[in-house]
Amino acid sequence: MPVFGAWMVALVVAFCLAPGQRPAIGLAAGLSAVAAIWWGVRRNRAGDRTPWAWLAAAVTLSTAGGALFPADAGAAPIIAAYPVLAGVLLTFVRRRAGRARDRAALLDALTVTAGGALIAWTFVLAPRVADHDWLMLAYPLGDLLCLGLVTRLLSTRRLMAGSLLGGGVVLMLLADVGYELGWIGDMAALGRFAFYAGAGLAALHSSMNFLSVPAGEPPSERGRLRVALLALVAPAVLLAVGPTVVAVLSAITFLLVLLRMAGAMANHRQALARERGLRQASAALVSAVDVDAVADAVRTAVEQLLPPHTPHGVVLARAVAQDGPAVQRAAGIVPTRDLDWAVAVRLTQFSTTLRCPMVLADRPVGEPLVGVLHVGAPEKELPGLRRALEVLAGQAALALERIELSQEVTRRDSETYFRTLVQNTADVILILDDLVIRYASPSAVRVFGLDPTGSSLADLIHPDDLPLLSHDGADLRGPADTLLEMHRSDLSEEPTVAGVVLTLRDVTRQRRLEQELTHQAFHDAMTGLANRVLFHDRLEHALARGARDGSVVGVLFIDLDDFKIVNDTLGHAVGDALLIAVADRIAGALRADDTAARLGGDEFAALVENVQDPGAVEETANRILAALAEPIVIDGETSLNAVASIGITTTPEADSADELLRQADLALYVAKGAGKNQWRRYQSHLHDAMVERLELRSALDHAVHEGHFLLAYQPIVDLGSEEPVGFEALVRWYHPTKGVVAPAEFIAVAEESGLIVPIGRWVLQQALHTVAQWRRALPPDRLPYVSVNVSVRQFREAGFVDEVLQALAYAGVPPAALMIELTETLLAGDHETVWRDLALLREHGVRVAIDDFGTGYSSLGYLHRRPVDVVKIDKMFVDDMVDSPQQLALVTGIVGLAQTLGLTVIAEGIESPVHRDLLARLGCPLGQGYLWSSPVDGTEALAQMSYVPDGRAA
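Quick notes on the rules
- Residues numbered from 1 in each chain as written.
- Predicted model: local features only at pLDDT ≥ 70, side-chain atom pairs only at ≥ 80, totals over all residues.
- Heavy atoms only, no water.
- Helix = DSSP H or I, 4+ residues; strand = E, 2+ residues; numbered from the N terminus.
- Contact = heavy atoms within 4.5 Å.
- Areas by Shrake-Rupley, 256 points an atom, 1.4 Å probe, with all protein chains shown as cover.
- Expected span 1.5 Å × (residues − 1).
- Buried < 20%, exposed > 50% of the residue type's maximum accessible area, 1.4 Å probe, protein only.
- Arc of directions from axis to C-beta.
- Polar contact = N/O pair within 3.5 Å; in protein donor to acceptor, adjacent residues only side chain to side chain.
- Pairing = 2+ DSSP bridges.
- Axes fitted to C-alpha atoms, helices over the stretch in contact; angles between N-to-C directions.
- Core = buried A, V, L, I, M, F, W, Y, C linked by side-chain atoms within 4.5 Å.

Taking an unreviewed UniProt entry as the reference, the protein is identified by name as Bifunctional diguanylate cyclase/phosphodiesterase belonging to Paractinoplanes rhizophilus.

Quick look at the structure:
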């Protein structure tokens, strides 16, 4: 568009500066417009190309005529261009209008055309007709045709493409008029340039497609000034021809008529607006459900009835029945000061108020006056508002009456509803005069067995419950031990009742159920003993009594030994029967003041109170063990011995319930560790050891998440060449305050808590990463392996074998570079799943070693049935074999058996050359110990493999 616009401006300048080249320049301008139309249709992908093709044809005809004009041959194409252009404009008008018929826009276009025709006839057409110049008469007729259509096109919703095209056509028409009147001479051809530019720019603009799309809703009405100017065209022409009396009077008459019509239209619009406001108010009043909603609807309606931004006030006053003169019921404007003071104070900013009574002439009950609507506003606005407010007041009166009637109907329905409820409710409703029953609901017969009306309530309830009649919510005992929940309301001052209302409900079954639920909430369902909640509560009370009278309180925790075996072998039914029998014996061994409880599973507890000597608590433990010593016969057939461990603590050791329970639990832990069928008393050092263990576990958990572990490597040496062939990876914990912590201090806690799994995973990955670095740095003849200790618990984790293989693949080392060490206790245990996983790892090339061999007293025969590659002799055998023939014989047997089974032997804990030489003579190939090196970091271990001075490690 900018390029085309600049090009057309350049052609206009050339046209003005080169008069001799004007035909050629005009031809260039027309052809440029045709090219622009063609390019715009293609670029904008016009869906309706027909009108644009005809527009190009009109431009072509106009261009051809301009090139030949003023020759007579040029008139025909120019005159032919007008109907073609009119057809294009008519097509766009019909496309934009769609099915809608915008009568106002059509009248505007006809008015403009008629005005233009009047001007054209006066100044152009009449002289041509007089001169019989019929050819030149075609030009203004074509202009008038195009003027009407372009006016109709521009009266729709504006589009930039339509505005560009219309502007070009209008400028061309103005140039034609100027030429006809002799004002611009040869420069009239510039009007053709404007038409060409408008057509080309319209086609190039992106909105050109929307000229063929319906415009939707028609625009709003034109302004009063525009209509007046259109109506004054005829008088203006008369004045232009000659300012005669007829012309002046015609102009004045037109203006007066227009002013009157404008006033009538304004009143009509105001009436329509008020009708619309009243219609909306009617809808709002119909949906109103209370007086406030009616008032809001009235305020909204008044605001719509008044001109915008008019200050006003609205007060809706309800009518109050009173004696005195009748209230004026006609609407009128009154001084605000003459109104009732309650209304006047809310409208003090206005001097006058429009007062509209809300009257219902055919109101069935009560006075016709429902209320009064007061509207305060500027005095000039009130007269025109009177009739609309009378209608609004009538609608508001109907709404208020409807709401009042609805409330009355609702009240009556409610009375009927509640009467039905009272007569059919299961609750007993009594109205008393003192204690005499004046009214009793029908349900009283079912509860009392007779109609108690006229009887005294004292004859119907238990005599001891008479004082409870003044307590709302009390339970009264009625006939046949029924329990009646009573609610009392004193309505003596209420005229409709004038008495005390009692509501009685039979809650006998409910109270029994509550008692059963309470018992279940505080007792064990299987054994009937107290549960943990009740035991804790009674312990609290016992401690409170002991604090007052100085008595001793004792707590015993009782746990059955090997109860799981009973469940697993004889079934849960027998186990439950055993628990019930044990509960009976524990309860039988206690005094009446003591409490037996089942805490869960096979755990019981006993509370001993009101004793003066802690020894009495120990005697209770002995009685319980004695009671359980007798065999328990289940179902007359199975005889079982219930063996229990007991933990004891007493108030001298603690003074709170939670502390006593914790101490008894610690003592039970010690008793079970010491053996079966015995009790242990709490001692303070047990607590310290347990606290230290818990702190160690917490710190270990933190260390796992923060990565506070190190790996040290101890060489495994060939006893013949004394060169390291592998290294055992040993984990160390770097504690923030204790420094480096050895495995012996935390491995047991890690096993117990399950933290050994993430620790072992980290050790495996780190060790393989280190050995991978070694193997890349060392020559091919010195490629060591790494030995990693693995817990049985790690094997129990799903996917452990895959985890090992993935770690090997990630580190990039062969499976032969890894040896897994397990403790000797694995040999004799039931760990078939572990052995299957180990066999699978061996198939991949990973070697398996049994660590600390000989300490578990397992049979040597286990070795040939298990997937084992290496046996590591424990240090205690190596230490004593020089001085003890028995130990030497044992080591000799282990080495010989291993050689027979094809196993490799590694002797641990070698610290002197004597042990080294003796083991070498026995045929032990490998050794490990401080004789060669203590555990070192990965860098030092690499240095040991890189250089071995004098055949011995430094």
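That covers the picture; the talk isn't over yet.
K.L.:
Could you clarify how one ought to interpret the overall build of the protein in this entry?
P.N.:
A tally of regular secondary structure across the protein gives 32 helices and 25 strands. Considering only contacts within the protein whose residues lie at least 6 apart along the sequence, 64% involve residues at least 24 apart. Working note: accessible area of the protein is about 49,400 Å², and carbon and sulfur atoms make up 58% of it.

K.L.:
Please clarify how helix α1 (residues 2-17) should be interpreted in this entry.
P.N.:
Each full turn of the α-helix corresponds to 3.6 residues, which orients residues three or four apart in the same direction. With 16 residues, α1 should reach 22 Å at 1.5 Å per residue; the first-to-last C-alpha distance of 23 Å fits that figure. Residues Phe4, Met8, Leu11 and Phe15 constitute the buried set of α1. When α1 is viewed along its axis, its buried side chains cluster within an angular range of 55° and face the same direction. Set apart from the buried face of α1 by more than 90 degrees, the exposed residues are Pro2, Val3, Val9 and Leu17.

K.L.:
It is not clear to me how unusual backbone geometry should be interpreted in this structure. Could you clarify?
P.N.:
Excluding glycine, residues mostly have negative phi values, and the peptide bonds linking residues are mostly trans. Here Arg45, not a glycine, exhibits a phi torsion of approximately 50°, which is positive. By the secondary structure assignment, Arg45 is in the loop between α2 (22-43) and α3 (50-68). Positive phi, normally seen in glycine, also occurs at His309, with a value near 65°. Note on placement: His309 falls in the loop between α12 (291-305) and β1 (313-318).

K.L.:
In this structure, what is going on with the side chain of Arg598? I would like to understand it.
P.N.:
Tracing the backbone through its elements, the reader meets Arg598 in strand β11 (residues 595-600). Its relative accessible area of 12% is what places Arg598 among the buried residues. Polar contacts involving the side chain of Arg598 include one to the main-chain carbonyl oxygen of Gly601, which spans 3.0 Å. Residues contacting Arg598, with those up to four places away along its chain left out, are Asp524, Met526, Thr527, Leu529, Ala530, Asn531, Arg532, Leu579, Glu603 and Phe604.

K.L.:
What should I look at first to understand the sheet that holds strand β3 (residues 352-359) in this one?
P.N.:
Two orientations exist for strands paired in a sheet by backbone hydrogen bonds: parallel and antiparallel. Taken in spatial order, the 4 strands line up as β1-β4-β3-β2 in an open sheet, and their pairing is antiparallel. A strand with exactly one partner marks an edge of an open sheet, and here the two such strands are β1 and β2 (332-335). Strand-to-strand, the axes of this sheet are offset by a mean angle of 30°, without reference to chain direction. Inspection of the sheet shows β1 paired to strand β4 (residues 369-376) by 6 bridges, in the antiparallel sense. Counted as the bridge partner of Leu316 is Leu373 from β4.

K.L.:
Hey, could you run me through the nonpolar core in this one?
P.N.:
Soluble globular proteins tend to pack their nonpolar side chains together in the buried interior. Within the largest apolar cluster, 74 residues are counted, with the highest numbers of intra-cluster contacts made by Leu700, Leu768, Val786, Leu818 and Leu919. Counting residues per element, this core draws most heavily on helix α24 (residues 756-777), at 10 residues. Among residues more than four places away in sequence, those in contact with Leu768 are Val786, Ala807, Leu808, Ala811, Val813 and Leu818. With 46 residues, the next largest nonpolar core counts Ile78, Leu85, Ala86 and Tyr196 among its residues.

K.L.:
What exactly am I supposed to notice about the pairing of strand β6 (residues 436-440) here?
P.N.:
The side chains of a regular strand alternate, first on one face of the sheet and then on the other. In this sheet, β6 lies alongside strand β5 (residues 428-433) in antiparallel orientation, the contact comprising 4 bridges. Paired with Leu432 across the two strands is Ile437, which belongs to β6. The turn linking β5 back onto β6 is made up of 2 residues, and Asp434 within it adopts a positive phi angle of 60°.

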